[in-house]
Amino acid sequence: MKTAAKDAAGSPVTITLPDGKTLSFDGPVTGLAIAEKIGPGLAKAALAVKQDGELIDLMREIKKDSQVAIVTRKDAEALELIRHDAAHVMAEAVQELFPGTQVTIGPSIENGFYYDFAREQPFTTEDFEKIEKRMHEIIARNEPFIREVWNRDEAIRHFKSIGEDYKAEIISDLPETEEISVYKQGKWYDLCRGPHLPATGHVGKAFKLMKVAGAYWRGDSNNAMLTRIYATAWRDQKELDAYLHMLEEAEKRDHRKLGKEMDLFHLQEEAVGAVFWHDKGYAIYRALESYIRRKIRAADYQEVKTPQLFDSSLFKASGHWDIYGDNMFKVRDVHKSDADGEERMMGLKPMNCPAHVQIFNQGIKSYRDLPIRMAEFGCCHRNEPSGAMHGIMRVRQFTQDDAHIFCTPEQMQEEAARYFKLQLGVYKDLGFDKIDVKLALRPGANARIGSDELWDWAENALREALKSAGLPFEELPGEGAFYGPKVEFHLTDAIGRTWQCGTLQVDPNLPNRLDASYIGEDGAKHRPIMLHRAILGSMERFIGILIENYAGKLPLWLAPVQAVVTTITNDADTYAERVLKDLKKAGIRAAIDLRNEKINYKIREHSLTKTPEIWVVGKRESEENTVAIRRLGSEKQEILALSDAINKIVTESAPPA
RNA sequence: GCUGUUGUAGCUCAGUCGGUAGAGCAUCGCAUUCGUAAUGCGAGGGUCGGAGGUUCGAAUCCUCUCAACAGCACCA
């Protein structure tokens, strides 16, 4: 601070613009002044500036030579500012309307912003209209945002004195080096790091309060529950409408709704968090499972099947009983007791790794046996918190397309690379092209096990594997598992949502705990490295994702009913039965609809349940041995000879190789 | 688990100030045999998530409980 003030005394400042041009000023200069120098149009459009990559207020003085870009409403950064400003405006509106409400934090988030308030009485959606109206008024006032730097202790005292205890707490927890800045908009002000737009008017009108929800102070469930208002905000009405439309679209695609409509599965109270797969849903499940099974066989995996229920000693040895015991389903074995007379405890497996180590541990393994790639469609139980459940996406009983690769440290990188290839191939086959790769690095020292050398080695190996596979990736410090780093694959669906599915995790620890070893070239025992990996993650969740991605219109090879044969009138019943028989003989999942209903009615019904092909047969077809095929999403008919039609659907419904 | 909301026929939903429930679709029956997104008429079906309570009387009020939904927290 002090040095900056000294520099500001009047030494010239050179500003470099994005196009490489430079501008010279005699002394400190604001972003606005820079924009004015470039042109009056830009000065008018300017909202903020980016100084050496950091976003700052338009009116803040730039005191040293810098790279500067003027931010206008068109830039991505502007959207973030609009949302953050809107959060301030909402907070002002709320405090004006509901005196006694304390403000806490209100950041911009994906698609909008929220603000957490402390108030005895939570807000309801009925308050929204009033709040929105007041927000529009505040925006119309177009009060400039004015930044002030406050003395730390005074700021704490001040916020305490006006009853804003949370703000005071935030300030006292800020590092000593941090400047305490306050932004004013008219009479209202808020502690804030900034930056902000020049004035409230720039927020515009394209915002909408969305929902209220509880949220813990500082995200910690031991703290007080605040009341959070979520809102969405955009540059203009068109963007807002597009977003609202996307939400509607997401609602239409909801797998819970489609699952019911398409008769795929159901959930009920007597088996909370467990899926009842109906015939049609399980058809999808089986198609997906066999596809994965073919893929892993081709990739030289073995497939195993291990028990559900284990004596607690195994999970105590693996460490899960202590670390995740609260989230395990535990069962008393009434027929067995421990030395102290207590009934023995058993547990449903929450993951497959300890069981796979048991298979590995049978007999003696040589370095020549490695790598061993052991896969299982492993059914796991985890007692998830009640609030975590969501349709079939988050459940208490699920099946992982799991595998563990036992290998030597030298083989690890190669194994990781092989997995990446397999993984990306599968996503492509399933219709996902946009994949983000992340590398989650070691968590804090007290939240991880193993030496730093081991972590260095494991993280580097994954980094190298990703690089040699040519995969761009983002590093996430602190996000790794307690036993090792992990690579995460996030896929983007048809309406732009991302889902974390596949992961590869390095685990140098479990083999140790469960005493897995192999005999090396040197004749001595060594610990293998264990790679945990899943491609889909959970079958249940992935099928949910597929349903939503395709809006129920699954590709032919995954569709539960691939074709339905239906008649114009009963005259064609016998022929329709024959068509069905041929379809089934050819291995097609087919159904028949001989109801005495108009063809319009039947077409409508099968279209609504997203059957990919409707094979209509009437008098004409039965005489000519043909079928009239109508495909989902099209109104056209294709008339084909029956045998040609069968051949065609067999070819087209073949799963990806 | 926490905060808030919800829970009525197979599905989607209505039910005013407490007086033992209604619609559409679906189902069943009858008629219709009609070429590519809903043929007509008729009938059956629920005790209102569960338990307890208040009351002459509760789907409607109270308590507890279960589940779902939204968000938070969690996700080995």
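These numbers were taken from a predicted model, which means no experiment stands behind them. (Residues numbered from 1 in each chain as written. Chains lettered and ligands numbered in written order. Predicted model: local features only at pLDDT ≥ 70, side-chain atom pairs only at ≥ 80, totals over all residues. Heavy atoms only, no water.)

Please explain the overall build of chain A as it appears in this structure.
Each helix and strand in chain A was counted, giving 21 helices and 36 strands. Across its three principal directions, the C-alpha atoms of chain A cover 90 × 75 × 55 Å. Within chain A, the proportion of its 657 residues that are buried is 50%. Accessible surface for chain A amounts to roughly 32300 Å². Of this, 49% is attributable to carbon and sulfur atoms. Taking the 89 positively charged and 101 negatively charged side chains of chain A as two groups, their mean positions are separated by 3 Å. (Helix = DSSP H or I, 4+ residues; strand = E, 2+ residues; numbered from the N terminus. Buried < 20%, exposed > 50% of the residue type's maximum accessible area, 1.4 Å probe, protein only. Areas by Shrake-Rupley, 256 points an atom, 1.4 Å probe, with all protein chains shown as cover. Lys, Arg positive; Asp, Glu negative; His and termini not counted. Charge placed at Lys NZ, Arg CZ, Asp CG, Glu CD.)

Explain helix H4 (residues 76-97) here, please?
The α-helix advances 3.6 residues per turn, and as a result positions three or four apart in sequence lie on the same side. Along its 22 residues, H4 runs 32 Å from first to last C-alpha, staying within 8% of the 32 Å computed at 1.5 Å per residue. Here H4 lies mainly inside the structure; 17 of its 22 residues are buried. (Expected span 1.5 Å × (residues − 1).)

Looking at this structure, I do not really get the pairing of strand E15 (residues 225-233). What am I missing?
The two faces of a sheet get side chains in turn, since along a regular strand they alternate between them. Of all nine residues in E15, seven are buried; the element is thus mostly enclosed. Bridge count between strand E14 (residues 207-216) and E15: nine bridges; the pairing is antiparallel. For leucine 209, the partnering residue across the bridge sits in E15 and is alanine 231. (Pairing = 2+ DSSP bridges.)

How should the side chain of serine 366 be read in this particular structure?
Looking at where serine 366 falls in the secondary structure, it is placed in strand E22 (residues 365-366). Not counting residues up to four positions away in its chain, the partners in contact with serine 366 are Tyr518 and Ile519. (Contact = heavy atoms within 4.5 Å.)

Can you walk me through the pattern of salt bridges in this structure?
Here the idea is simple: oppositely charged side chains can pair when their charged atoms come close. Enumeration over the complete set of coordinates arrives at 46 salt bridges. With its nearest N and O atoms 2.6 Å apart, the salt bridge here joins arginine 463 to glutamate 475. Of this pair, arginine 463 sits in helix H15 (residues 452-468) while glutamate 475 is found in strand E26 (residues 473-476), placing the two residues 12 residues apart along the sequence. Look at glutamate 475 and you get partly exposed, because its relative accessible area is 32%. Three or more residues are tied together by salt bridges with common partners; here these are Glu92, Glu96, Arg134, Glu137 and Arg141. (Salt bridge = Lys/Arg side-chain N within 4 Å of Asp/Glu carboxyl O.)

For this particular structure, what's the right way to read the packing of aromatic side chains?
Geometrically, a pair of aromatic rings is defined through the distance of the ring centres and the angle of the planes. Following the criterion strictly, the structure yields 21 aromatic pairs and no others. Arranged with centres 6.3 Å apart and planes meeting at 55 degrees, the rings of phenylalanine 159 and tyrosine 189 form a pair that is tilted. Of this pair, phenylalanine 159 sits in helix H6 (residues 152-161) while tyrosine 189 sits in strand E13 (residues 188-191); the two residues are 30 residues apart in sequence, bridging distant segments of the chain. Using a relative accessible area of 1% as the deciding quantity, one classes phenylalanine 159 as buried. Every member of this aromatic cluster is reached through a ring pair, and the members are Phe98, Tyr115, Phe117 and Phe123. Here the guanidinium or amino end of lysine 37 rests over the ring plane of phenylalanine 25, the centre of that ring lying 4.5 Å away. Positioned above the aromatic ring of tyrosine 114 is the side chain of arginine 228, whose terminal nitrogen or guanidinium carbon lies 3.6 Å from the ring centre. (Phe/Tyr/Trp six-rings, centres within 6.5 Å; stacked < 30°, edge-to-face > 60°. Lys NZ or Arg CZ within 6 Å of the ring centre and 35° of its normal.)

Please explain the environment of asparagine 460 as it appears in this structure.
Tracing the backbone shows asparagine 460 in helix H15. Taking the C-alpha atoms as reference, asparagine 460 lies 24 Å from arginine 513; in sequence the two are 53 residues apart.

What's the story with the protein's contact with RNA strand B in this structure? I'm lost.
Not every one of the 50 residues close to RNA strand B is listed here, only the nearest: Tyr216, Asn596, Arg604, Arg630 and Gln637. For RNA strand B, a phosphate oxygen lies 3.4 Å from a polar atom in the side chain of histidine 390. Within the side chain of arginine 394, a nitrogen or oxygen atom sits 2.6 Å from a base oxygen of RNA strand B. Counting residues per element, the ones that place at least two in the surface near RNA strand B are E14, E15, helix H9 (255-261), helix H19 (599-608), helix H20 (619-624) and strand E35 (626-631). Of the residues forming the surface near RNA strand B, the biggest block, seven residues, is contributed by H19. Among the residues forming the surface near RNA strand B, the class breakdown is 20 nonpolar, 16 polar and 14 charged. (Near = heavy atom within 4 Å. Polar contact = N/O pair within 3.5 Å; in protein donor to acceptor, adjacent residues only side chain to side chain. Nonpolar A, V, L, I, M, F, W, Y, C, P; charged D, E, K, R; others polar.)

Would you take a moment to explain the state of the cysteines for this structure?
A disulfide bridge is the covalent bond that connects two cysteines by way of their sulfur atoms. Taken as a whole and judged by the stated rule, the model has zero disulfides. Here cysteine 353 stays unpaired: no disulfide links it, and the sulfur of cysteine 380, its closest cysteine neighbor, is 8.2 Å away. Looking at the unpaired cysteine 501, the closest cysteine sulfur is the one in cysteine 380, lying at 16 Å. (Disulfide = S-S within 2.5 Å.)

Help me out: how do you make sense of the domain arrangement of chain A in this one?
Examined at the domain level, chain A breaks down into domain 1 (13-71), domain 2 (76-249), domain 3 (285-306 + 349-549), domain 4 (309-348) and domain 5 (563-652). If you average the C-alpha positions of domain 2 and of domain 3, the two centres end up 41 Å apart. (Domains from an automatic or database assignment.)

Can you walk me through the pairing of strand E36 (residues 637-641) in this structure?
With five bridges connecting them, E35 and E36 associate as antiparallel partners. Paired with alanine 628 across the two strands is isoleucine 639, which belongs to E36. Remark: five residues form the turn of the hairpin made by E35 and E36, two consecutive strands paired antiparallel; glycine 633 in that turn has positive phi of roughly 90 degrees.

Got a minute to help me understand the sheet that holds E36 in this structure?
The five strands are arranged E33-E32-E34-E35-E36 in an open sheet whose pairing can be described as mixed. Two strands lie at the open edges of the sheet, namely strand E33 (590-593) and E36, each paired on one side alone. Averaged over neighbouring strand pairs, the angle between their axes works out to 25 degrees when direction is ignored. For strand E34 (residues 613-617) and E35, the ladder comprises four bridges, and the chain directions are antiparallel. Bridge pairing links tryptophan 615 to isoleucine 629 in E35. Strands strand E32 (563-567), E34, E35 and E36 of the sheet are contacted by helix H21 (residues 642-652), whose axis makes an angle of about 115 degrees with E36. (Axes fitted to C-alpha atoms, helices over the stretch in contact; angles between N-to-C directions.)

Can you walk me through the packing of helix H10 (residues 279-298) against helix H14 (residues 412-429) in this structure?
Between two packed helices, the angle of one axis relative to the other and the distance separating the axes together describe the packing. Their axes nearest at 11 Å, the elements H10 and H14 cross at an angle of 150 degrees. Classed by the angle they form, the pair H10 and H14 counts as roughly antiparallel. For the pair H10 and H14, the sense of crossing is right-handed. Across from Tyr291, Ile292, Lys295 and Ile296 in H10, the residues of H14 making contact are Leu422, Gly425, Val426 and Asp429. In the contact of H10 with H14, the residues fall into five nonpolar, one polar and two charged. (Parallel < 35°, antiparallel > 145°, perpendicular 65-115°, else oblique. Left-handed = near helix turned anticlockwise from the far one by under 90°.)

What is the right way to look at the side chain of threonine 399 in this model?
Secondary-structure assignment places threonine 399 in strand E24 (residues 397-407). Polar side-chain contacts of threonine 399 include one of 3.3 Å to the side chain of tyrosine 285. Beyond its immediate sequence surroundings of up to four residues, threonine 399 is in contact with Tyr285, Phe377, Gly378, Cys379, Gly537, Ser538, Met539 and Glu540.

Before we go on, may I ask you to explain the nonpolar core in this structure?
Across soluble globular proteins, nonpolar side chains show a tendency to be buried alongside one another. Within the largest apolar cluster, 64 residues are counted, with the highest numbers of intra-cluster contacts made by Phe420, Leu430 and Phe542. Setting aside its immediate chain neighbours within four residues, phenylalanine 420 contacts Ala465, Leu466, Ala469, Leu471, Val487, Phe489 and Leu504. By size, the runner-up hydrophobic cluster in this structure holds 25 residues, among which are Ala87, Val94, Ile138 and Ala231. (Core = buried A, V, L, I, M, F, W, Y, C linked by side-chain atoms within 4.5 Å.)

Just to check I follow, could you spell out the packing of H4 against helix H5 (residues 128-141) for this structure?
Contact geometry of H4 with H5 gives a least axis separation of 9 Å together with a crossing angle of 115 degrees. Here H4 runs over H5; the crossing is right-handed. Contacts between H4 and H5 involve Ala86, Val89, Met90, Glu92, Ala93, Val94, Glu96 and Leu97 on the former and, on the latter, Lys130, Ile131, Arg134, Met135, Ile138, Ile139 and Arg141. Taken together, the residues of the contact of H4 with H5 break down into 10 nonpolar, no polar and five charged.

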